[in-house]
Amino acid sequence: MGKEIEPFSRLVAQLTKLPGVGAKTAQRYAYSIIRMDEKDVEEFAEAIVDCKKSIHYCSVCGNYTDKDVCDICAARDKSVICVVKEPKDIIAIERTKDYEGVYHVLHGTLNPLAGIGPDDISIKQLLGRLNGVKEVILATNLDVEGEATAVYIARLIKPMGIKVTRIAGGISMNSDIEYADEVSLGRAMLNRQEI
């Protein structure tokens, strides 16, 4: 473009706020947007605004939804709760098509070095959901924080007489659930072990 054009630079700066989007990728996206029909650009912008205004956390599990209670909480077996770190982990587990229970999103993991303790993630909300629950599956990432969080939660729940399991091998250590392939993640869920 030669000389810097302020609206273009502003668009590039906004696009670099997205995870994994550096300056060069942002510029490619910006050029693509410039080449789009005006109607398509308006629809694109409306979709972003509508998504931001409409999507919030499920009042039960903490997953993303556009309703008060997400479709999973509304229709699935509530006797088994799979505990995950982030909503994106639910998408990964759902791709396996092997799980029929509900979820609970912690929105983080314990990390004392970063100042994240039990009150900073949704452990209290999980404990408030355990009436009638037969099993809690701990599917936090297999890293130090995920393991510490799983052990902490298991120690709180086991005395209640509820079965507590942890996803099994098949997912390598220090891996994020969201990046696991469906087969490995499916095996990890099916071969989970009691803690």
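None of these values were measured; they are calculated from a predicted model.

Student: Please clarify how a nonpolar patch on the surface should be interpreted in this entry.
Tutor: Together, Met36, Phe44 and Ile48 give the surface a local cluster of nonpolar side chains, amounting to about 270 Å² of exposed area. Counting through the fold element by element, Phe44 comes out in helix 3 (residues 38-54). A relative accessible area of 41% places Phe44 in the partly exposed class.

Student: Just to check I follow, could you spell out the confidence of the model for the protein chain for this structure?
Tutor: In low-pLDDT segments, the atomic positions of the prediction should not be examined closely. For the protein chain, the average pLDDT comes to 90, and 86% of its residues sit at 70 or higher. By mean pLDDT, helix 8 (residues 182-190) is the weakest element of the protein chain at 61, and strand 4 (residues 101-105) is the strongest at 98.

Student: Can you help me understand the side chain of Thr140 in this one?
Tutor: When you line up the elements, Thr140 lands in the loop between strand 5 (135-138) and helix 7 (144-157). Its relative accessible area of 1% is what places Thr140 among the buried residues. There is a polar contact of 2.8 Å between the side chain of Thr140 and the backbone oxygen of Gly146.

Student: Mind showing me how you'd approach the environment of Lys158 here?
Tutor: Tracing the backbone through its elements, the reader meets Lys158 in the loop between helix 7 and strand 6 (163-166). A residue is classified by how much of its surface remains accessible, and Lys158, at 37% relative accessible area, is partly exposed. Separated by 23 residues in the primary sequence, Lys158 and Glu135 place their C-alpha atoms 10.0 Å from one another. With near-sequence residues (within four places) excluded, Lys158 lies in contact with Val164, Glu194 and Ile195.

Student: In this structure, what is going on with the pairing of strand 3 (residues 77-84)? I would like to understand it.
Tutor: Two faces make up the sheet, and in a regular strand the side chains alternate between them. Burial of strand 3 is extensive: six of the eight residues sit out of reach of the surface. Strand direction decides the pairing type here: strand 3 and strand 4, joined by five bridges, are parallel. Looking at strand 4, one finds that Cys82 is bridged to Tyr103. As for the winding sense of the linkage, the β-α-β connection from strand 3 through helix 5 (residues 87-96) to strand 4 is right-handed.

Student: Help me understand the packing of aromatic side chains in this model?
Tutor: Tallying each qualifying case throughout the model produces three aromatic pairs. Centre to centre, the rings of Tyr57 and Tyr64 are 5.5 Å apart; their planes meet at 20 degrees, and the pair counts as stacked. Tyr57 gets classed as partly exposed once you look at its relative accessible area, which sits at 44%.

Student: How should I be thinking about the packing of helix 1 (residues 6-15) against helix 2 (residues 23-35) in this particular structure?
Tutor: Helix-helix packing: each pair is described by the crossing angle between the helix axes and the interaxial distance. Where helix 1 meets helix 2, the axes come as close as 8 Å, and the angle between the chain directions of the two elements is 125 degrees. Taken together, helix 1 and helix 2 sit at an angle that is classed as oblique. For the pair helix 1 and helix 2, the sense of crossing is right-handed. Contacts from Phe8, Leu11, Val12 and Leu15 in helix 1 reach Ala23, Ala26, Gln27, Tyr29, Ala30, Tyr31, Ile33 and Ile34 in helix 2.

Student: Can you walk me through the pairing of strand 5 in this structure?
Tutor: Residues Glu135 and Ile137 of strand 5 are buried on one face, and the alternating residues Val136 and Leu138, pointing to the opposite face, are buried as well. Here strand 3 pairs with strand 5 via four bridges, running parallel. Across the sheet, the residue bridging to Val83 is Leu138, located in strand 5. Pairing analysis gives four bridges linking strand 5 to strand 6, with the strands arranged parallel. Among the inter-strand pairings, Val136 is bridged to a residue of strand 6, identified as Val164. Read as a crossover between parallel neighbours, the route from strand 5 over helix 7 to strand 6 is right-handed.

What counts as what
Residues numbered from 1 in each chain as written. Predicted model: local features only at pLDDT ≥ 70, side-chain atom pairs only at ≥ 80, totals over all residues. Heavy atoms only, no water. Patch = residues over 30% accessible without salt bridge, like charges linked within 9 Å, V, L, I, M, F, W, Y side chains within 5 Å. Areas by Shrake-Rupley, 256 points an atom, 1.4 Å probe, with all protein chains shown as cover. Salt bridge = Lys/Arg side-chain N within 4 Å of Asp/Glu carboxyl O. Helix = DSSP H or I, 4+ residues; strand = E, 2+ residues; numbered from the N terminus. Buried < 20%, exposed > 50% of the residue type's maximum accessible area, 1.4 Å probe, protein only. pLDDT = per-residue confidence, 0-100. Polar contact = N/O pair within 3.5 Å; in protein donor to acceptor, adjacent residues only side chain to side chain. Contact = heavy atoms within 4.5 Å. Pairing = 2+ DSSP bridges. Right-handed = clockwise from strand over helix to strand, strands pointing away. Phe/Tyr/Trp six-rings, centres within 6.5 Å; stacked < 30°, edge-to-face > 60°. Axes fitted to C-alpha atoms, helices over the stretch in contact; angles between N-to-C directions. Parallel < 35°, antiparallel > 145°, perpendicular 65-115°, else oblique. Left-handed = near helix turned anticlockwise from the far one by under 90°.

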